[in-house]
Amino acid sequence: MSDFATFEELAGDHHLNVTIMTDYGDVRRFRLKIPSFIEWNETWYRLRDVPIPNTRAGANGKEPNPLDTEYRAKQADVDMRRKLLIVAHALAGGGMTIPGETLEEKADALGRKWDGAIINALFTALKGAYEGGQAYRDDAGAVFRTLREIAAKSHVALQHLPDGVGEDERPVESGPDSV
């Protein structure tokens, strides 16, 4: 087995199980397919952003005004619709049967029938999975060491570390800005 990830082991569907407790006490479990990079972006950019209107007075006449209330309301509608599309895609990919033939119809069904708190919680979980993870450089400028190794080479005395700290093998980035 190689220390490096392969295309084959990362390809394929990845799922996320999410449990949500609503404000009214219901507990619901969901299985979501985490969209691939292309699936997420194709779904998100299926809808275009609302053009920023030129409603702010400026030195050269009217200038774009991203604080325009009508613009912000229209953009909020686009963003809400994007969330519904992403959640519908993930739920369908996770095996849920949702009324509708197209992704848009499935998103409509969710938006009409489900509580907004559930949609937002599912979207937040998906976004965290999509954007989550940590990457570390693996070169001479960023060597991994345990806390104990770092403390031994720094001005931090080992007795100042709480009991058990430095005993585990979690990677910690070492370098000029790390301690």
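Parameters at a glance
Residues numbered from 1 in each chain as written. Predicted model: local features only at pLDDT ≥ 70, side-chain atom pairs only at ≥ 80, totals over all residues. Heavy atoms only, no water. Axes fitted to C-alpha atoms, helices over the stretch in contact; angles between N-to-C directions. Helix = DSSP H or I, 4+ residues; strand = E, 2+ residues; numbered from the N terminus. Parallel < 35°, antiparallel > 145°, perpendicular 65-115°, else oblique. Contact = heavy atoms within 4.5 Å. Nonpolar A, V, L, I, M, F, W, Y, C, P; charged D, E, K, R; others polar. Expected span 1.5 Å × (residues − 1). Buried < 20%, exposed > 50% of the residue type's maximum accessible area, 1.4 Å probe, protein only. Arc of directions from axis to C-beta. pLDDT = per-residue confidence, 0-100. Core = buried A, V, L, I, M, F, W, Y, C linked by side-chain atoms within 4.5 Å. Pairing = 2+ DSSP bridges. Phe/Tyr/Trp six-rings, centres within 6.5 Å; stacked < 30°, edge-to-face > 60°.

Relative orientation of the contacting elements helix α3 (residues 69-93) and helix α5 (residues 116-131) amounts to 75°, with a least axis distance of 9 Å. One way to sum up the angle between α3 and α5 is to call them roughly perpendicular. Contacts from Lys83, Leu84, Ile86, Val87, Ala90 and Leu91 in α3 reach Ile119, Asn120, Leu122, Phe123 and Leu126 in α5. Of the residues belonging to the contact of α3 with α5, the class tally is nine nonpolar, one polar and one charged.

Under the 1.5 Å per step criterion, the end-to-end length of α5 is 22 Å for 16 residues, consistent within 8% with the ideal 22 Å. Of all the positions in α5, only Ile118, Ile119, Leu122, Phe123 and Leu126 are classed as buried. Within α5, the buried residues cover an arc of 125° as seen down the axis, which keeps them to one side. For α5, exposure combined with an orientation more than 90 degrees from the buried face picks out Thr124 and Glu131. Against β1 (14-21), β2 (27-34), α2 (37-44), α3 and α4 (103-113) lie the buried residues of α5.

Attention now goes to the confidence of the model for the chain. Scored by pLDDT, the chain has a mean of 79; 73% of the residues are at 70 or more. Segment residues 139-148: pLDDT under 50, and 29 contacts once partners within four positions in sequence are set aside and those in other chains are kept. Taken as a whole, residues 154-179 scores under 50 in pLDDT and shows 35 contacts with residues more than four places along the chain or in a different chain.

With that settled, consider the nonpolar core. Counting residues in hydrophobic clusters, the biggest one holds 23 residues, and the most contacted among them are Phe30, Leu32, Val87, Leu91, Leu110, Leu122 and Leu126. Secondary structure elements with two or more residues in this core: β1, β2, α2, α3, α4 and α5. Here this core gets seven residues from one element, more than from any other, and that element is α3.

The residue Arg81 is located in helix α3 in this model. With a relative accessible area of 19%, Arg81 lands in the buried category.

Of the pairings in the sheet, the one linking β1 to β2 comprises eight bridges and is antiparallel in character. Counterpart to His14 in the pairing with β2 is Ile34. Linkage of β1 to β2, two consecutive antiparallel strands, is achieved through a turn of five residues, within which Gly25 is found at a positive phi near 90°.

Moving on, we get to the packing of aromatic side chains. Tallied over the entire structure, the rule returns four aromatic pairs. Measuring from ring centre to ring centre gives 4.3 Å for Trp40 and Tyr130, while their planes differ by 10°; the resulting arrangement is stacked. With a gap of 90 residues between them, Trp40 in helix α2 and Tyr130 in helix α5 connect regions that are remote in the sequence. Residue Tyr130 is classed as partly exposed on the basis of its relative accessible area, which comes to 22%. Counting every residue linked through ring pairs, the aromatic cluster contains Trp40, Trp44, Phe123 and Tyr130.

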